[in-house]
Amino acid sequence: MRVFRDLNDLPVFKNAVITIGTFDGVHKGHQKLIERIKSLSKKIGGESIIVTFHPHPRIVIKPEDKSLRLLNTIDEKIALLEKYEVDNVVIVPFSRDFSEQSAEDYIQHFLVKNFHPKYIVIGYDHKFGKNRIGDYKLLEKMKRDFGYEMEEITKETLDDIAISSTKIRMALESGQIKLANELSGHNYTLTGTVVRGLQNGRKLGFPTANLQISDEYKLIPGTGIYAVRVKYGKDLFSGMLSIGYNPTFNGKVRTIEVYILAFDKDIYGENLTLQFVEFIRHEKKFDSVEALIEELKNDENVTRKMLS
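Residues numbered from 1 in each chain as written. Predicted model: local features only at pLDDT ≥ 70, side-chain atom pairs only at ≥ 80, totals over all residues. Heavy atoms only, no water.

(A) Broad picture of the packing of aromatic side chains. Applying the stated criterion across every chain yields a total of 16 aromatic pairs. On the numbers, 5.9 Å between centres and 85° between planes, the contact of Phe4 with Phe13 is edge-to-face. Judged on exposure class, the residue Phe4 and its partner Phe13 are both buried. Seen from their ring centres, Phe13 and Phe115 are 6.0 Å apart, and the 20° between their planes marks the pair as stacked. Taken together, the residues span a long stretch of sequence, with Phe13 in the loop between strand E1 (2-4) and strand E2 (16-20) and Phe115 in helix H5 (residues 103-115) at a distance of 102 residues. Taking relative accessible area as the criterion, Phe115 reaches 0% and is therefore assigned buried. The rings of Phe4, Phe13, Phe53, Phe94, Phe98, Tyr106, Phe110, Phe115 and Phe128 are connected pair by pair, giving a single aromatic cluster. (Phe/Tyr/Trp six-rings, centres within 6.5 Å; stacked < 30°, edge-to-face > 60°. Buried < 20%, exposed > 50% of the residue type's maximum accessible area, 1.4 Å probe, protein only. Helix = DSSP H or I, 4+ residues; strand = E, 2+ residues; numbered from the N terminus.)

Okay, here's the thing in structure tokens:
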């Protein structure tokens, strides 16, 4: 898969079949769409192209709105699109100037100029251009001028995509990891840098790696204890993850700490990727440190069983 981050670096695509969107989560709804552009491109001997944007358009258009939570960072999205075997991914640097071009300019000077598409696959309710006045009907109207064909994504498929994204976010925030993974078609991931913490886990006999997540818009699942796979370099380990406030120690700041089973390395400053497998229990305050240690031992046994 080829990845392009600059429109000036694009090659001349062969019989391009393109679709456009944010593709947050690259979940089962998106996967249907990916299969469709791959099928069309194979039929005409062309290339499948996902056109997506970074940063997310809402961050640029409504910077004051801090409520946005994304299922993927841009690097996670690229990795998933590669997994589902898209030929090309074009990441368009989204800006206010880009959003202000007219709908006609968007078609002629963005889509046609850069991709020379044979097919544009798009939803009936997709909007583009200044004030979002461009739509499927305008693309259909202008196709004879520029020699592309159109394929519409049905309302049913689009509704499935919207519902899946919303359901995945809600499931993750409430600890329903199995549901989120089922809707996604893959395990939810979280990548962070290992930083120094309060060392409470080490004192309890469960040394943890404290993760700092750099992307402020990345969705963090709800508080609790989770069974996870931990990717460190090319290796995969079993792990027990805590997301929460350490109530037994009267903590006030949310931490993300993972105890990696059968692991003993100094990894401060390095990156780990967590693959969420299952929710174990909710966070709770224990009456004593001893009671907490007993519960952690039980959590470890549960984690081993879940990941075996």
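(B) Broad picture of the sheet that holds strand E7 (residues 189-195). Spatial strand order, E7-E8-E11-E10-E9-E12: six strands in a closed barrel with antiparallel pairing. Geometrically, the sheet is characterised by an average inter-axis angle of 45° between neighbouring strands, direction not taken into account. In the sheet, E7 pairs with strand E8 (residues 209-212) via three bridges, with the strands oriented antiparallel. Within E8, the position partnered with Val195 by the bridge is Asn210. In the packing of helix H8 (residues 177-184) onto the sheet, the strands contacted are strand E9 (224-232) and strand E12 (271-281), and the crossing angle to E12 comes to about 120°. (Pairing = 2+ DSSP bridges. Axes fitted to C-alpha atoms, helices over the stretch in contact; angles between N-to-C directions. Contact = heavy atoms within 4.5 Å.)

(C) Molecular detail of helix H1 (residues 28-43). If you check H1, its first and last C-alpha atoms are 23 Å apart, about what 16 residues at 1.5 Å a residue would give, namely 22 Å. All of the buried residues along H1 are Gly29, His30, Gln31, Leu33, Ile34, Ile37, Lys38, Leu40 and Ser41. Phi turns positive one or two residues past the end of H1, at Gly45, with a value near 65°. (Expected span 1.5 Å × (residues − 1).)

(D) Main features of helix H10 (residues 289-307). End to end, H10 covers 27 Å across 19 residues, agreeing with the expected 27 Å (1.5 Å per residue, within 8%). Looking only at H10, the buried set comprises Leu292, Leu296, Asp299, Glu300, Thr303 and Leu307. An end-on view of H10 places all buried positions within 105° of arc, on one side of the element. In this structure, H10 carries Glu290, Glu294 and Lys305 as exposed residues pointing more than 90 degrees from its buried face. (Arc of directions from axis to C-beta.)

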